[in-house]
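Now for the letters of each chain:
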Amino acid sequence: MSSVNMDEKVTLVNLAPWEVAFNKLESVGHVIIPPKGKVRVTTRSEVMAQVSNNNNLIGGIDELGSHATVYIDDAETRKMLEFDTDSKKQMILTKEVVAKIFELKTFSTFKKRIEEYVVTRCEKRNLMDYIKELGINEYDKIVFCQEHCKFDFL
């Protein structure tokens, strides 16, 4: 059994279209991640400490990474935090997920998936951006998304 290096640098990805920042817990300073940007300055132990101390940007709304604003781009760390297991993956809204949701045939299933995947302000904003980027043209579904997100297209 190999040991995990807790001092190894881990890349964090900001999923939000705005800058996010948080204070470091294990050293002096803070981490600032630009909109839709990445930083590789944080150690694995710092990320673990952030989640343990209820940093919802990384830990999400359930401390299992669901609906997180900052994605840990390190499979080993996500596995250690139980964000990813053999039976489930971390719930993150991506352009690919949005495309699959819009492929659903029944409106009730579509509505359920949107309500399941789109919870935070970051996800709501990203959903509207992904709809535009994907060129989706399904009026009823788009209207539901606008009402759910309380955002219009920018």
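Located above this text is the structure these notes cover.
Residues numbered from 1 in each chain as written. Predicted model: local features only at pLDDT ≥ 70, side-chain atom pairs only at ≥ 80, totals over all residues. Heavy atoms only, no water.

A. Molecular detail of unusual backbone geometry. One non-glycine residue with positive phi stands out, namely His67, at about 65°. Judged by its relative accessible area of 6%, His67 falls in the buried class. Backbone geometry at Glu82 places phi at a positive 65°, although glycine is not the residue there. In this structure, Glu82 sits in the loop between α3 (75-80) and α4 (95-103). (Buried < 20%, exposed > 50% of the residue type's maximum accessible area, 1.4 Å probe, protein only. Helix = DSSP H or I, 4+ residues; strand = E, 2+ residues; numbered from the N terminus.)

B. Expanded view of the side chain of Asn55. Here Asn55 lies in the loop between α1 (44-52) and α2 (56-59). On the accessibility criterion, Asn55 (11% relative accessible area) is buried.

C. Broad picture of the packing of aromatic side chains. For the coordinates displayed, the defined rule picks out four aromatic pairs. Consider the rings of Phe102 and Phe110, whose centres lie 4.9 Å apart with planes at 65°: the pair is edge-to-face. In terms of burial, Phe102 and Phe110 fall into one category: buried. Centroid distance Phe107 to Phe144: 5.9 Å. Interplanar angle 80°. Geometry classified as edge-to-face. Of this pair, Phe107 sits in helix α5 (residues 107-117) while Phe144 sits in helix α7 (residues 139-149), and the two are 37 residues apart along the sequence. The class of Phe107 is partly exposed, set by a relative accessible area of 36%. Here Phe144 falls in the buried class, since its relative accessible area comes to 11%. Among the aromatic residues, ring-to-ring pairing joins Phe102, Phe107, Phe110 and Phe144 into one connected group. (Phe/Tyr/Trp six-rings, centres within 6.5 Å; stacked < 30°, edge-to-face > 60°.)

D. Broad picture of the pattern of salt bridges. One pass over the structure, following the stated rule, counts seven salt bridges. Here Asp74 makes a salt bridge to Arg44, at a shortest N to O gap of 2.9 Å. Placement of Asp74 in the loop between β5 (70-72) and α3 and of Arg44 in helix α1 is noted, with a sequence separation of 30 residues between them. Between Lys141 and Glu138 there is a salt bridge, and its shortest N-O distance comes to 3.2 Å. Judged by its relative accessible area of 8%, Lys141 falls in the buried class. Several salt bridges converge on common partners, so that one network encompasses Glu8, Arg44 and Asp74. (Salt bridge = Lys/Arg side-chain N within 4 Å of Asp/Glu carboxyl O.)

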